[in-house]
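# Fold and geometry: a report
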Amino acid sequence: FHGIISREQADEILAGVEGAYILRESQRQPGCYTLALRFGNQTLNYRLFYDGKHFVGEKRFESIHDLVTDGLITLYIETKASEYISKMTTNPIYEHIGYATLLREKVSRRLSRTKNESRKASVTSEENTPVEKITSLVRRAALTQNDNHFNYEKAHNFKVHTFRGPHWCEYCANFMWGLIAQGVRCSDCGLNVHKQCSKYVPNDCQPDLKRIKRVYCCDLTTLVKAHNTQRPMVVDSCIREIEARGLKSEGLYRVSGFTEHIEDVKMAFDRDGDKADISASIYPDINIIAGALKLYFRDLPIPVITYDTYSKFIEAAKISNPDERLEAIHEVLMLLPAAHYETLRYLMIHLKKVTLHEKENFMNAENLGIVFGPTLMRPPEDSTLATLNDMRYQKLIVQILIENEDVLF
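In the annotation of an unreviewed UniProt entry, the protein is listed under the name Beta-chimaerin and assigned to Columbina picui.

Given below as structure tokens:
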């Protein structure tokens, strides 16, 4: 650290020593610090920040030395291979017909030989040159070949990642450079790509069950793709149990079960998945199962009726003409992601069955609308006032969905 010195003085100190650096306090802005770095026979000056770690851009480092090391790598790559970098995404292996086709054929043959045997997959390009096996691409191809797989579209959940040792981008097949935070990794399927390549990756994430640590509080589409089901298995299991022994239960969905028992059911699903035992021998009170189902919907990070469609549903509910209102609701339903639509459809068919036993359970479509309105749809902004103002429309939406499930779905 050289205190307050000018750019010219910093340049003199560093002259002729490639890769050398000093820190100085800015002459123009006292109290602000600058990293002066010698590269390409010139001195480059960067505003330096500290928030517990050192940084000049997005990446944060434990030491200035690591920051400089990473910076020199990046500067060298960008200087020597700028044209190459700009063309990296123009012919990616990810979408290369020859590569993708051969990959799928290879995996298909492997799956046909045996579903249980694990083999190393090797693939070749059109020119018959070896292409390094890319595990998550192989996994995605395998899932694509599974006829039972419900092919809902899902965006990748990319997060900045530091790779240990050499790593290659699974989109463009080029080296991922840098000391830390060299690229991004999808936390749901494990796809590793350059940050710039992540913008071009299609919404074809196939979540890996090993990465999905829980059932509750997990994105709905992520869960169903990971378990290869049409709907979340929580919904199927709970509804199956309720229809088997609880349709005539008085106050079904309105009467609360014991909170600690509902939490037990939640933990059972998180721990055992579709093997969770929610039978009458374990939970004789059907209200516990009903409560667990409602809790699943409340815990979703994106509600069944998504934030993106919330305002459109509310506006549709405000239409006074019943036929026009029904048409408007149907149009908005078509905007829901496939997994959300299928889950809502299945739930409404179930709730319609509940209303058929109204004489015994005292639960009609309006009562169920009161219960499920705030459970299935929440305003995008966390506003108590907005929630209170919209409650009657939330109730009305669910009521209409139940009464007209055969028409709307």
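Past the structure itself, the notes keep going.
Here we take up the sheet that holds strand E1 (residues 21-25). In spatial order, the strands read E1-E2-E3-E4; together these four strands make up an open sheet with antiparallel pairing. Edge positions in the sheet fall to E1 and strand E4 (54-55), since each has one partner strand and no second. Where strand E3 (residues 42-50) lies against E4, two bridges are found, and the strand directions are antiparallel. Bridge pairing links Phe49 to Phe55 in E4. The strands touched by helix H1 (residues 7-14) are E1, strand E2 (33-39) and E3; relative to E1, the strand with the most contacts, the crossing angle is about 160 degrees.

One finds Tyr253, Phe269, Phe297 and Phe372 to be the most contacted residues of the largest nonpolar core, which totals 68 residues. Viewed by domain, this core spans two of them, domain 3 (224-297) and domain 4 (305-405), each represented by three or more residues. Once residues lying within four places of it in the same chain are set aside, the contact partners of Phe269 are Val215, Tyr216, Met233, Val234, Ser237, Cys238, Ala276 and Ile278.

Turning to the pairing of E2, a few remarks are in order. Within E2, six of the seven residues are buried, leaving the element largely enclosed by the surrounding structure. As defined by bridge partners, E1 adjoins E2 across five bridges and the pair is classed as antiparallel. Bridge pairing in E2 links Arg24 to Thr34. Where E2 hands over to E3, the hairpin turn is made up of two residues, of which Gly40 adopts a positive phi near 65 degrees.

For the structure shown, the criterion picks out 15 salt bridges. Note that Arg231 and Glu342 form a salt bridge whose closest N and O atoms lie 2.6 Å from each other. Here Glu342 lies in helix H12 (residues 338-355) and Arg231 lies in the loop between helix H6 (220-227) and helix H7 (233-245), a separation of 111 residues in the sequence. In this structure, Arg231 and Glu342 share a single accessibility class: buried. Glu243 serves as the salt-bridge partner of Lys353, at 3.4 Å between the closest nitrogen and oxygen. Note that Lys353 is positioned in helix H12 and Glu243 in helix H7, a separation of 110 residues in sequence. Given the relative accessible area of 26%, Glu243 is considered partly exposed.

Time to look at the layout of surface pockets. Empty space among the atoms becomes visible once a probe the size of a water molecule is rolled across them. There is about 690 Å³ of room inside the second largest pocket. If you trace the second largest pocket, you find 24 residues lining it, with Glu58, Lys59, Asp70, Thr74 and Glu78 closest to the centre. Of all the elements in the fold, those that place two or more residues in the lining of the second largest pocket are E2, helix H2 (64-80) and strand E8 (183-186). Counting residues per element, the lining of the second largest pocket draws most heavily on H2, which supplies seven residues. Taken together, the residues that form the lining of the second largest pocket break down as 12 nonpolar, seven polar and five charged. Looking at the lining of the second largest pocket, you find at least three residues from each of domain 1 (5-86) and domain 2 (88-95 + 151-209).

Our focus in this paragraph is the packing of aromatic side chains. Considering all chains together, one arrives at eight aromatic pairs under this definition. When the centroid spacing of 5.5 Å and the interplanar angle of 20 degrees are considered together, the rings of Phe49 and Phe55 count as stacked. One aromatic cluster in this structure is built from Tyr216, Tyr296 and Phe297. The cationic tip of Arg60 hangs over the ring face of Phe55; the distance from NZ or CZ to the ring centre is 3.8 Å.

Next up on the list: the side chain of Ser26. Examined against the element boundaries, Ser26 turns out to sit in the loop between E1 and E2. There is a polar contact of 3.0 Å between the side chain of Ser26 and the backbone nitrogen of Gln29. When neighbours within four sequence positions are excluded, Ser26 is seen to be in contact with Ile4, Cys32 and Thr34.

What follows deals with the environment of Val17. Relative to the elements of secondary structure, Val17 occurs in the loop between H1 and E1. Linking Val17 and Phe39, residues 22 residues apart in sequence, is a C-alpha distance of 8.5 Å.

Quick look at helix H15 (residues 384-403) now. Counted at 1.5 Å a residue, the expected span for H15 with its 20 residues is 28 Å, and the 28 Å between its end C-alpha atoms agrees. Maximum bend of H15: about 50 degrees, positioned at Asp390. Among the residues making up H15, those that are buried are Ala386, Asp390, Tyr393, Gln394, Lys395, Leu396, Ile397, Val398, Gln399, Ile400, Leu401 and Ile402. Contacts from the buried residues of H15 go to helix H10 (307-317), helix H11 (322-333), H12, helix H14 (365-376) and helix H16 (405-408).

As for its placement among the helices and strands, Gln27 is situated in the loop between E1 and E2. Gln27 has contacts with Ile4, Ile5 and Ser6, leaving out every residue within four places of it along the chain.

Following both chains from N to C, one finds H7 and helix H9 (residues 286-299) inclined at 155 degrees, their axes separated by 10 Å at the closest point. Considering their axes alone, H7 and H9 lie roughly antiparallel with respect to each other. The two elements H7 and H9 cross, and the hand of that crossing is left-handed. Only Ile286, Ile289, Ala290, Leu293, Tyr296 and Phe297 of H9 make contact with H7, whose side of the interface consists of Val234, Val235, Cys238, Ile239, Glu241, Ile242 and Arg245.

Cut-offs used in this document
Residues numbered from 1 in each chain as written. Predicted model: local features only at pLDDT ≥ 70, side-chain atom pairs only at ≥ 80, totals over all residues. Heavy atoms only, no water. Pairing = 2+ DSSP bridges. Helix = DSSP H or I, 4+ residues; strand = E, 2+ residues; numbered from the N terminus. Contact = heavy atoms within 4.5 Å. Axes fitted to C-alpha atoms, helices over the stretch in contact; angles between N-to-C directions. Core = buried A, V, L, I, M, F, W, Y, C linked by side-chain atoms within 4.5 Å. Buried < 20%, exposed > 50% of the residue type's maximum accessible area, 1.4 Å probe, protein only. Domains from an automatic or database assignment. Salt bridge = Lys/Arg side-chain N within 4 Å of Asp/Glu carboxyl O. 1 Å grid on protein atoms, 1.4 Å probe; cavity = no way out; pocket = protein on both sides within 12 Å on 5 of 7 lines; lining within 4 Å. Points joined across faces, edges and corners; volume = space filled by probe spheres on them. Nonpolar A, V, L, I, M, F, W, Y, C, P; charged D, E, K, R; others polar. Phe/Tyr/Trp six-rings, centres within 6.5 Å; stacked < 30°, edge-to-face > 60°. Lys NZ or Arg CZ within 6 Å of the ring centre and 35° of its normal. Polar contact = N/O pair within 3.5 Å; in protein donor to acceptor, adjacent residues only side chain to side chain. Expected span 1.5 Å × (residues − 1). Bend = angle between axes of the 7 residues up to and from the residue. Parallel < 35°, antiparallel > 145°, perpendicular 65-115°, else oblique. Left-handed = near helix turned anticlockwise from the far one by under 90°.

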